[in-house]
Amino acid sequence: MSRLRLFAAVQPGFEPVLKDELWRLGINQNVKVQPGGVEFDGMLSHLYRVNLWSRVATRVLIRNEQFFANTFSELVTRASQIPWEQYLILNTPVDIRVTCRKSRLYHSDAVAERVVTAIGNRMGFPPTLANSEVAGPVKPQQIIVRIVRDKCQISIDSSGDHLHKRGYRGNAGKAPIRETLAASLLLELGYDGSQAFVDPMCGSGTFPIEAAMIATNRAPGANRKFQFMHWPTYDFALWQKLLADAETAVKPAQNPIGGFDRDQGAVAAAQENAAAAHVNVDFAQSALSAVLVKQDSGMLLSNLPYGKRVGNSKSRDLRDLYATFGYALETEFSNWTYGFLAGNHELANATRQPLERRTVENGGLKTIFCQKK
Ligand SMILES: C[S@@+](CC[C@H](N)C(=O)[O-])C[C@H]1O[C@@H](n2cnc3c(N)ncnc32)[C@H](O)[C@@H]1O
């Protein structure tokens, strides 16, 4: 495969975090930040590298050149020019996701059918359609077609399962945060492993585990499979080399990383997850009001209950919990940098701390990401 145009997708609002991360991964060719991701030029090795190493990208796509199409025959002609044989073997089913806006071609099912025809023209016979979210013997190849103002862009997914699925979180607990969002917040807060870290309400342990992976320089994708492994162009030797390099790059953590939760079940789940992620984190059962840390300074990041996802919490109790959290920030953590996700502004106010705030979506809910001002 020659030079490719690649797109790493990210949760909207975290494009700058992704851009910085890609820069650190050596991605510097024709880089363009766009809403929802970053586009760049690269080779197959860059595609593998970003899938293996990005902590914040949700998936990586190959973007084919945009073309104009306002008839089905134009669509079929241009889509037949895509080198499908590089991504599909004869029995690979395809999952074609189509969006059409302000265009002559507006019927998404008909567009998907024509893309199947185009693949058939190129490959000899048309692939079957399948849903990539439904488990089957062969992982369907996801293809994303976007037609906006008659301009069509066809992208090919290289990741398969979204990248938050690192493979370590067997036990997700009550209201887990996605691994990619947890890592994005850590990096936005400036966590780089050179400080102690704690999450005093850690649930299944996602923040401390992601922090430990950053601190020890563990590649987040080293223990999972990717869609590109099913492509005829899959370079097994190159992937093995990247994995071996990633193994060599692992280093010991310089500072302690810990998590607390009052729920013993959550602590047990967090311990299991950390073991599966091959990282050392000190998890302990403790109520927030009793949390004690040995370090004078460090970084704290937590996802507080919102009262919407973790049921039963009355709003009065929640305000009290946020007030207790604020008190802990002023006392036990007075010298620490911190960030937290709050359910809403009123709850954030209950901490009585001077805060910088921005809205961040978590699991379909609007939350407030607060940082020390
Ligand atoms: C939204 S969940 C955190 C989810 C976590 N970030 C994850 O990825 O799994 C909030 C956690 O706060 C814990 N919690 C609630 N009140 C607490 C308190 N007073 N002291 C300690 N932990 C508390 C709950 O047990 C729950 O695990």
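Residues numbered from 1 in each chain as written. Predicted model: local features only at pLDDT ≥ 70, side-chain atom pairs only at ≥ 80, totals over all residues. Heavy atoms only, no water.

1. A few points about the sheet that holds strand β10 (residues 257–261)
As a reminder, the rule being used: We treat two strands as partners when DSSP finds at least two bridges between them. What counts as a helix is a DSSP run of H or I of at least four residues, what counts as a strand is a run of E of at least two, and both are numbered from the N terminus. Fitted lines through C-alpha atoms serve as axes, helices being fitted only where they are in contact, and the angles separating the N-to-C directions of these axes extend from 0 to 180 degrees.
Taking strand neighbours across the sheet as the criterion, the seven strands line up as β11-β10-β9-β12-β13-β15-β14 in an open arrangement whose pairing is mixed. Taken across any chain shown, the strands that pair with only one partner, and hence form the sheet edges, are β11 (282–285) and β14 (355–362). Averaged over all pairs of adjacent strands, the angle between strand axes in this sheet comes to 20°, irrespective of strand direction. Relative to strand β12 (residues 299–303), strand β9 (residues 197–199) runs parallel, the two being bridged by two bridges. Across the sheet, the residue bridging to V198 is L300, located in β12.

2. Some points on the nonpolar core
To keep things clear, this is the line we draw: We call a set of buried residues a nonpolar core when its members are Ala, Val, Leu, Ile, Met, Phe, Trp, Tyr or Cys and they connect through side-chain atoms within 4.5 Å of each other. Burial classes: relative accessible area under 20% of the type maximum marks a residue as buried, over 50% as exposed, and values in between as partly exposed (1.4 Å probe, protein chains only). Note: domain ranges come from an automatic or database domain assignment. Should any heavy atoms of two residues lie within 4.5 Å, those residues are considered in contact.
Counting residues in hydrophobic clusters, the biggest one holds 115 residues, and the most contacted among them are W84 and V145. Summarising the domain contributions, this core has at least three residues from each of domain 1 (4–157) and domain 2 (179–216 + 253–372). When sequence neighbours within four positions are dropped, the list of residues in contact with W84 reads A79, V115, I119, R122, M123, I143, I154 and I156.

3. Topic: the domain arrangement of the chain
One frequently used descriptor of interface size is the decrease in accessible area upon assembly of the parts. Test applied: Summed over both partners, buried area is the accessible surface (1.4 Å probe) that two parts give up on being assembled.
Assigned domains within the chain: domain 1 (4–157) and domain 2 (179–216 + 253–372). Computed from C-alpha atoms alone, the centre-to-centre distance between domain 1 and domain 2 is 36 Å. Between domain 1 and domain 2, the contact holds ten residues from the first and 13 residues from the second. Here domain 1 packs against domain 2, burying approximately 890 Å² in sum over the two surfaces, 59% of which is carbon and sulfur. It is Q11, F14 and R55 that lose the most area in domain 1 upon contact with domain 2, and together they represent 63% of the buried surface on that side.

4. Some thoughts on the site of the ligand
Rule in force here: Nearness of a residue to a molecule or strand requires only that one of the residue's heavy atoms be within 4 Å of it. Contacts described as polar in this section are N or O atom pairs within 3.5 Å, which, within protein, must combine one atom able to donate a hydrogen with one able to accept it, while residues neighboring in sequence count only if both atoms come from side chains. Areas reported here follow the Shrake-Rupley algorithm with a probe of radius 1.4 Å; residue values treat only the protein chains shown as occluding. Lys, Arg, Asp and Glu make up the charged group, whereas Ala, Val, Leu, Ile, Met, Phe, Trp, Tyr, Cys and Pro make up the nonpolar group; the residues left over, Gly among them, are polar.
Around the ligand sit 17 residues in total, of which I177, S204, T206, D261 and L288 are the nearest. A distance of 2.7 Å separates an oxygen atom of the ligand from a polar side-chain atom of D261. L288 is positioned such that a nitrogen or oxygen atom in its backbone is 2.8 Å from a nitrogen atom of the ligand. Protein coverage of the free-state accessible area of the ligand, which is 600 Å², stands at 93%. Of the residues belonging to the shell around the ligand, the class tally is nine nonpolar, five polar and three charged.

5. A few points about helix α2 (residues 44–53)
When you tally the buried positions in α2, you get seven out of ten residues, the bulk of the element. For α2, the complete set of buried residues consists of L44, L47, Y48, V50, N51, L52 and W53. The inward-facing, buried residues of α2 contact β1 (4–9), α1 (15–24), β3 (37–42), β4 (59–63) and α7 (236–249).

6. Let's talk about the environment of A183
In this structure, A183 sits in helix α5 (residues 179–189). Considered as a pair, A183 and L288 are 105 residues apart in the sequence and their alpha carbons are 23 Å apart. When neighbours within four sequence positions are excluded, A183 is seen to be in contact with R55, V56, R166 and E210.

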